[in-house]
Amino acid sequence: MNFRTLNITVMIGLLTTLCASNAMADELSLELENQAVYSTDASLDVIDNDDTQSTVNLTIGYSTPRLSEHLRLLFSYQNTFQQFSEQTRLGGALKTEWHQARFLLGADIGPELWGFFRPKARIGLGYSLQELKLTTSDKPLMDYAHDFTAFGAVGAEVVLHLRDYTDPAELPYLSRVSLGLQSLYGYSYQTNADFDELRVDGESLPDDDPWRRSDVNIGTIDNSGMFWTFGFMVSVSL
Amino acid sequence: MKTIKSMKDMKALQWIVIALCAVASLGCDVEFDERLKDALDVRGPYRVNGDMVYINATLQQFIRIDAVRSGEDYDLEIERLKTGKRPSVIKQSTDGQKLFVLDEEERTLRIYDVSGDETSVTVVELQSAYDVITLDPEGEYVLLSFGDSLNQNVIARNLNEVAIVSLTDAQPDPVYVTLASRARQLIFAKPFDFGGQPQRLVAALSDNEVSILDLNADDEDNLLRIVPLTISEAEQPPKPIQAIFDTKIDPERGEYINLYLLMERASDITQVTVQPTVRADAVLKFDLSVNQLAAGSSPGSMAMVDLGDELGTRLITIDRALPRFTMMDVYSGESATFALPMNTPARDLKVYNATRTVDGQVVSETRVLAYGTSTLMAVIRPATIAIAGNEPTLGRSVEAIRIEAVPERVEMESTGAQERAVIFHPGLKGGFTVLNLRNNRDIPIQGHSLDDIYFDGPYAYGIFRGTPHFGVFDLSTGHPSVFELPKNGASIGVDTKDGLIVVQHPDRTGTFTVFNADEPTPQNARVWRDVFLTNLTNREVAQ
């Protein structure tokens, strides 16, 4: 499965979950954000031209007063924009193409003040899948890294409850919807990604290839760093 | 309106905010590593005891690659050390055990000692960013000077300056000498004794003068001596183009050594005699005297041959314009010119020792190989030529060898019996020639030309040009065995200790194939790609 197929599959999954969960959740939310990760490690210079990686965040949240009035449980899918850019290094001797997808479980906590403002703190942990394609003078090499990731962030959301502007009797569904903008600032930790088994896709070599070929090891990539997000959210009260 | 109802929630929020602010304060911007934008510049290979050494000037790394056996399989052990910020000139010592790297930006000379399993490095701080390294064949000194290159980054530098680095010191402290004019070439004399005192001299050839550096001098007057090449100021100073020291001292003839100088467009050789001063009150250590030896009409290159006690030392020069050579007896000053059995002038001379059997005994004989741009080469046997006598008989004192194609370069066998040479031919399919220097028999190998050759005892290993194959040649018969490569090769080495053949392919990022030397087939090989990119993400290496 390539990264494009993975993106589509995850998005369909999240929307299906949102629809299917209506009957059992008290409030269900969907967030779409842009996340900028400031990873300053020198290892990233091989795959990125600056210290900022742009990531699309798609998060589904669930909250219920039975647990806590201020708590929201979250599942996030993140995908980096870097997958669209190929970087050239060492005067063209080397080209890199890097993709990352992260799957995170988390929670945020924070009270809603004055009916529209919610300061919050968010934590989460999950799994990161990274793919690196390396092209030199021969057939491209690929390797995948599987890593643990965790984050903590603080921020706030501004919410517009449509129930304040609609008549529930006339528009019962619309009055249960809230729209919002949110921003978070935090730190994301990730174990170093090992790219020590870069190899040619087996299909691109002849079946009767007589040569034993060693993997290429270009080292580890450290993706930890501060991040900032900004995005939209929509929530439905059940 | 909702309010904060739970103090627990509030407390948790408070702690998370404090923690994140603390972490955020640690974050700082890091500059992009601009080296990654530069073109990949890897110099080498320098072959050392079966290992291959490279200088990655872009990533500022010294890389030593050692192919080893790992059970039935093979592995590459890669050692990486730091170089300076801008490695400029690299030279390997004659014995191959040291690599000298000048750094233009840091003004240092790094000496990598590769004689052991682990490389050690000595950093010598320098006054200037020199760009020429001259190595003492005896391994005692390194001289650093300036060449012709124009360096736009330089604000000011003394082009006549020479740095003398003594390698016998654990932490060398260079001595600086300023010559009267820029040294174009620095020629070391072999060590010799005057009155039991060891001496080391260097000839510095400049555009219009020759200086002699006394590396053992105690004072400035003796450190640098200018050779008087002209007798009056009205005379145009000659330009030296080649120098050879003769440090063999014959006690019967006196205690002196000679320096032979070939000047541009001259018709003679300048003989500079260096001897200990005879005056007791002299300030200077040596007396210098100059003599001229007739060297034919237009000598282009010279070689010195030592023919033993009976015949002494002779000089041979080749003519630039005609296929002929001149031989000089340096003791008597007599010289004679002889024709070479070639149809174009010779361009290069190679002196070697060949063995031959006389009355059942193997005797060594000094010979000279002369070659140029034609398919005819000549082997001169100087010991059989009487300078004052008649012209030598063709086929006995001078023998012609007709080869299949024009020589591109000639490499003498550097190991084993040292009685063979390989003649490289230009073009893709010019083939090559194995020349038996003992019996002057040439073995033409038809096929692809050679790009690289490595001698190892009775065998030579060669990389063919333009085809993914390498060859193992039995030098006694010339029989080639051809083996397959995964792609075209560029250079080849043999790790005798592990019994492995290491082939480097031409990719800039470093691709290698390691073979079992006993049976170099694909089944007994392993291929490594992009070796110079190993740990590229973690590219900072130890000192």
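Provided above is the structure to which this section pertains.
Just so it is clear, the model here is predicted, and its values are computed rather than measured.

**Q** Which parts of the structure should I look at to understand the overall build of chain A?
**A** Scanning chain A from terminus to terminus reveals 1 helix and 13 strands. Ordered by position from N to C terminus, the α and β elements of chain A give α-β-β-β-β-β-β-β-β-β-β-β-β-β. For chain A, the proportion of its 238 residues judged to be buried stands at 52%. Put simply, 71% of the contacts in chain A that link residues at least 6 apart link residues at least 24 apart.

**Q** Got a minute to help me understand the sheet that holds strand 24 (residues 313-319) of chain B in this structure?
**A** Within a sheet, adjacent strands bond to each other through the backbone by hydrogen bonds, running parallel or antiparallel. Residue and element names in this part refer to chain B. Here we have 4 strands laid out as an open sheet, ordered 23-24-25-26, and antiparallel in their pairing. Unpaired on one side and paired on the other, strand 23 (299-306) and strand 26 (335-339) mark the two borders of the sheet. For this sheet the average axis-to-axis angle between neighbouring strands, irrespective of direction, equals 25 degrees. With 5 bridges connecting them, strand 24 and strand 25 (residues 324-329) associate as antiparallel partners. The residue of strand 25 that forms the bridge with I316 is M327.

**Q** Would you mind showing me how to read the sheet that holds strand 36 (residues 459-464) of chain B here?
**A** Residue and element names in this part refer to chain B. Strand order in the open sheet made by the 4 strands is 35-36-37-38, with antiparallel pairing throughout. A single partner strand is all that each edge strand has here, and the edge strands are strand 35 (450-456) and strand 38 (480-484). Pairwise comparison of adjacent strand axes, ignoring direction, gives a mean angle of 20 degrees for this sheet. When strand 35 meets strand 36, the two strands line up antiparallel, connected through 6 bridges.

**Q** Just to check I follow, could you spell out the interface of chain B and chain A for this structure?
**A** Interface size is commonly expressed as the accessible area that is lost once the parts come together. Chain B puts 55 residues into the contact, and the matching count from chain A is 51 residues. The contact between chain B and chain A buries some 4300 Å² in all, and 60% of this surface belongs to carbon and sulfur atoms. Joining chain B to chain A, the criterion identifies 3 salt bridges. Where chain B meets chain A, there are 22 residue pairs in polar contact (both at pLDDT 80 or more). Mapped onto the side of chain B that touches chain A, the elements with two or more residues apiece are helix 1 (7-26), strand 4 (73-82), strand 41 (512-516) and strand 42 (525-528) of chain B. When residues in the side of chain B that touches chain A are grouped by element, the largest group, 7 residues, is from helix 1 of chain B. By residue class, the composition of the side of chain B that touches chain A is 25 nonpolar, 11 polar and 19 charged.

**Q** How should the packing of aromatic side chains be read in this particular structure?
**A** For any pair of aromatic rings, the description rests on two quantities: the centre-to-centre distance and the angle between the ring planes. Residues and elements named next belong to chain B. Within the structure shown, the criterion is met by 20 aromatic pairs over all chains. Relative to Y112, the ring of F62 has its centre 4.4 Å away and its plane inclined at 10 degrees; by these criteria the two rings are stacked. One end of the pair, F62, is in strand 3 (residues 61-70); the other, Y112, is in strand 7 (residues 108-113), and 50 residues separate them in sequence. Overall, Y112 belongs to the buried group, its relative accessible area being 0%. Measuring from centroid to centroid gives 5.7 Å for F194 and F286, while their planes differ by 70 degrees, and the two rings are edge-to-face. One end of the pair, F194, is in strand 14 (residues 192-194); the other, F286, is in strand 22 (residues 286-294), and 92 residues separate them in sequence.

**Q** Would you take a moment to explain the pattern of salt bridges for this structure?
**A** Pairs may arise between side chains of opposite charge once their charged atoms sit close together. Across all of its chains, the model carries 43 salt bridges over all chains by this definition. One salt bridge in this structure joins B:R64 and B:E79, with 3.9 Å as the shortest N-O distance. One end of the pair, B:R64, is in strand 3; the other, B:E79, is in strand 4, and 15 residues separate them in sequence. Take B:R64: its relative accessible area is 4%, and that puts it in the buried class. Exposure remark for B:E79: the relative accessible area of 19% places this residue in the buried category. Residues joined in a network through salt bridges with shared partners are A:E27, A:E31, A:R72, A:D108, A:R118, A:K120, A:R122 and A:E157.

**Q** Explain a nonpolar patch on the surface to me, please; I cannot follow it from the model alone.
**A** Residues and elements named next belong to chain A. Side chains of Y38, L181, Y185, W228, F230 and F232 sit close together on the surface and give an oily, nonpolar patch of about 580 Å² of accessible area. Taken together, the elements giving at least two residues each to the nonpolar patch come down to strand 8 (177-190) and strand 13 (225-237). Topologically, Y38 is positioned in strand 1 (residues 27-38). Using a relative accessible area of 33% as the deciding quantity, one classes Y38 as partly exposed.

How each quantity is defined
- Residues numbered from 1 in each chain as written.
- Chains lettered and ligands numbered in written order.
- Predicted model: local features only at pLDDT ≥ 70, side-chain atom pairs only at ≥ 80, totals over all residues.
- Heavy atoms only, no water.
- Helix = DSSP H or I, 4+ residues; strand = E, 2+ residues; numbered from the N terminus.
- Buried < 20%, exposed > 50% of the residue type's maximum accessible area, 1.4 Å probe, protein only.
- Contact = heavy atoms within 4.5 Å.
- Pairing = 2+ DSSP bridges.
- Axes fitted to C-alpha atoms, helices over the stretch in contact; angles between N-to-C directions.
- Buried area = accessible area lost by both parts, 1.4 Å probe.
- Salt bridge = Lys/Arg side-chain N within 4 Å of Asp/Glu carboxyl O.
- Polar contact = N/O pair within 3.5 Å; in protein donor to acceptor, adjacent residues only side chain to side chain.
- Nonpolar A, V, L, I, M, F, W, Y, C, P; charged D, E, K, R; others polar.
- Phe/Tyr/Trp six-rings, centres within 6.5 Å; stacked < 30°, edge-to-face > 60°.
- Patch = residues over 30% accessible without salt bridge, like charges linked within 9 Å, V, L, I, M, F, W, Y side chains within 5 Å.
- Areas by Shrake-Rupley, 256 points an atom, 1.4 Å probe, with all protein chains shown as cover.

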